[in-house]
Amino acid sequence: MNMKNTNKPGMKYKKTKPPLQRQVTTLWDYPSQNYGDKMQGNQNYIGATPSYIIWNLLDRYTKEKDLVVDPMCGSGTTLDVARDLNRRALGYDVNPTRDDIFRVDARKLPLEDQKADFVFIDPPYSTHVNYSDSPQCIGKLHADCNEYYDALRLVITEINRILKPGKYMGLYVSDSHEIKKGFFPIGFELFEILREFFIPVDIIAVVRHNKTLEMGNYRKAADEGNFFLRGFNYLFIMQKPDKVKAVPPKKRQVKKASPYKPVNKSKVDTDKQSGQNQPTKNQRARALARQKKREAKGL
Ligand SMILES: C[S@@+](CC[C@H](N)C(=O)[O-])C[C@H]1O[C@@H](n2cnc3c(N)ncnc32)[C@H](O)[C@@H]1O
């Protein structure tokens, strides 16, 4: 997105924010963490959600007085945006950063069934950020293990429980890449879990403006190491089925198991020979990766 240069000749170049408006394509971009003159949430909170994302969701999917819930509220961006738009808001976090956020584990929300008109959530992406010392912090679980996805499945189950039928939720997340551990498609894995409960409305790619993307040493490492820096986040927009209108997602074949279950190699071989129950391409790739790891460790 272009930013207007309103500076006079000779002045040091200063970027100005474009006006806040509805995003209309599936590629969202805004060059600032906050809109307007005030801060929403705290831009110094590592991992704070850019507020225009939440503004866009609430502007489209809620109306005045609706109840908006953020089960992992961090610095409170959702609360501030919701109040800007005259929505009621509830924020939870295992590490509350301000008085209007309740200390709660998002796997057990203290809210009755079907009370929320909208839920926004921006969970930890693997172990990239050390949010707090709380042992309940899901950011202590690495995306290479079942526990991370199992924990987020419980959070998604709770979101489904508190959301009113027919209403919407947004989950903002990034995949993960680590030089030594490789790539983890967190977005795809969480989308699969979301689909067990919700109807997909759309998938948005949100341009990341993190400083590290511009840093020479990061860019050089990605170039020379033949990997990619995370240029976008996913924003999954989902709708809870309305009993009357929606097609229940149950009609589809839903995979209930966690994505990182160990693969039984002998079963894969037997199935291959018999030509039945062939593992999917994905399962084969994962099994191969695990086998290589074991071989590298000399097991
Ligand atoms: C990416 S940050 C959220 C940022 C937030 N949207 C903002 O704009 O500031 C993820 C948050 O999840 C919280 N969290 C991690 N595990 C949690 C759990 N089990 N229950 C509730 N919150 C949790 C962390 O403390 C952290 O504040």
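Further remarks concern the overall build of the protein. From N to C terminus, the protein includes 7 helices and 10 strands. The buried share of the protein, reckoned over its 299 residues, is 32%. Contacts in the protein between residues far apart in sequence, at least 24 positions, make up 62% of those at least 6 positions apart.

Time to look at the site of the ligand. The local shell around the ligand holds 27 residues, among which Met72, Gly74, Ser75, Thr77 and Ala106 are the closest. Of the residues assigned to the shell around the ligand, the class counts are 13 nonpolar, 10 polar and 4 charged.

Where strand S2 (residues 67-70) lies against strand S3 (residues 88-93), 4 bridges are found, and the strand directions are parallel. Residue pairing for S3: Asp70 is matched across the bridge by Gly91. The β-α-β motif built from S2, the intervening helix H2 (residues 77-84) and the parallel element S3 has right-handed crossover chirality. Alignment of S2 against strand S5 (residues 116-121), held across 2 bridges, turns out to be parallel. Of the residues in S5, the one forming a bridge with Val69 is Val119.

The biggest cluster of nonpolar side chains holds 57 residues, and the ones touching the most others in it are Val119, Leu152 and Met169. Counting residues per element, this core draws most heavily on helix H3 (residues 146-162), at 8 residues. In this view, Met169 contacts Phe118, Val119, Ile159, Leu163, Phe198 and Met238; residues no more than four positions away in its chain are not counted.

A separate point is the environment of Glu178. Mapped onto the elements of the fold, Glu178 is located in strand S7 (residues 176-178). Look at Glu178 and you get partly exposed, because 15 C-beta atoms sit within 10 Å. Between the C-alpha atom of Glu178 and that of Phe227, which follows or precedes it by 49 residues, the distance is 9.2 Å.

With that out of the way, let us pick up the sheet that holds strand S6 (residues 163-173). The strand order S1-S9-S10-S6-S5-S2-S3-S4 describes an open sheet built from 8 strands, whose pairing is mixed. What marks the edges here is a single partner per strand, and that holds for strand S1 (27-28) and strand S4 (101-103). Strand contacts of helix H4 (residues 186-195): S6, strand S9 (199-207) and strand S10 (232-239), with the helix running at about 170° to S6, the strand carrying the most contacts.

The next thing to look at is helix H5 (residues 216-224). Counting buried positions along H5 gives 0 out of 9 residues, so the element sits mostly on the surface. Asn226 sits one or two positions beyond H5 and adopts a positive phi of about 55°.

The relative placement of two packed helices is expressed as an angle between their axes plus a distance between the axes. The geometry of helix H1 (residues 51-61) relative to H2 is characterised by a closest axis approach of 9 Å and an angle of 45° between their N-to-C directions. When the interaxial angle is binned, H1 and H2 end up oblique. Crossing of H1 against H2: the hand is right-handed. Every residue of H2 that contacts H1 at Ser51, Ile54, Trp55 and Leu58 is listed here: Thr77, Thr78, Val81 and Ala82. The residue makeup of the contact of H1 with H2, split by class, is 5 nonpolar, 3 polar and no charged.

Here the focus is the confidence of the model for the protein. When pLDDT is low, close inspection of the predicted coordinates is not appropriate. Per-residue confidence for the protein gives a mean pLDDT of 86; residues scoring 70 or more make up 78%. Across residues 1-13, confidence stays below pLDDT 50; counting only partners more than four residues off in sequence or on other chains, it has 14 contacts. Note on residues 262-277: pLDDT is under 50 here. Beyond four places in sequence and across chains, it has 13 contacts.

Calculation notes
Residue numbers here run from 1 along each chain, matching the order of that chain's written sequence. Whole-chain, interface and lining totals are the exception, using all residues; otherwise, since this is a predicted model, local features are given only for residues with pLDDT of at least 70 and side-chain atom pairs are given and counted only at 80 or more. Going along the chain from the N terminus, every DSSP run of H or I of four or more residues is numbered as a helix, and every run of E of two or more is numbered as a strand. Residues with at least 20 neighbouring C-beta atoms inside 10 Å of their own are called buried, those with 12 or fewer are called exposed, and the rest are partly exposed, where every C-beta is derived from the backbone. Think of it this way: build a C-beta for each residue from its backbone, and any pair within 7 Å is a contact. Using the backbone to place each C-beta atom, any residue with that atom within 6 Å of a molecule or strand is considered near it. Under the scheme applied here, ten amino acids are nonpolar (Ala, Val, Leu, Ile, Met, Phe, Trp, Tyr, Cys and Pro), four are charged (Asp, Glu, Lys and Arg), and all others, including Gly, are polar. Whether two strands pair depends on DSSP finding at least two bridges between them. Orient the strands so they point away from the viewer, and a crossover whose first-strand-to-second-strand path over the helix runs clockwise is right-handed. Here, a nonpolar core means buried Ala, Val, Leu, Ile, Met, Phe, Trp, Tyr and Cys residues linked by C-beta atoms lying within 7 Å of one another. Axis definition: a line fitted to C-alpha atoms, limited for helices to the stretch in contact. Angles are taken between N-to-C directions and run from 0 to 180 degrees. When describing relative orientation, an angle under 35 degrees is termed roughly parallel and one over 145 degrees roughly antiparallel, while 65 to 115 degrees is termed roughly perpendicular and anything else oblique. By convention, the crossing between two helices is left-handed when the near helix turns anticlockwise from the far helix through less than a right angle, and right-handed when the turn is clockwise. As a per-residue quantity, pLDDT reports the predictor's confidence and falls between 0 and 100.

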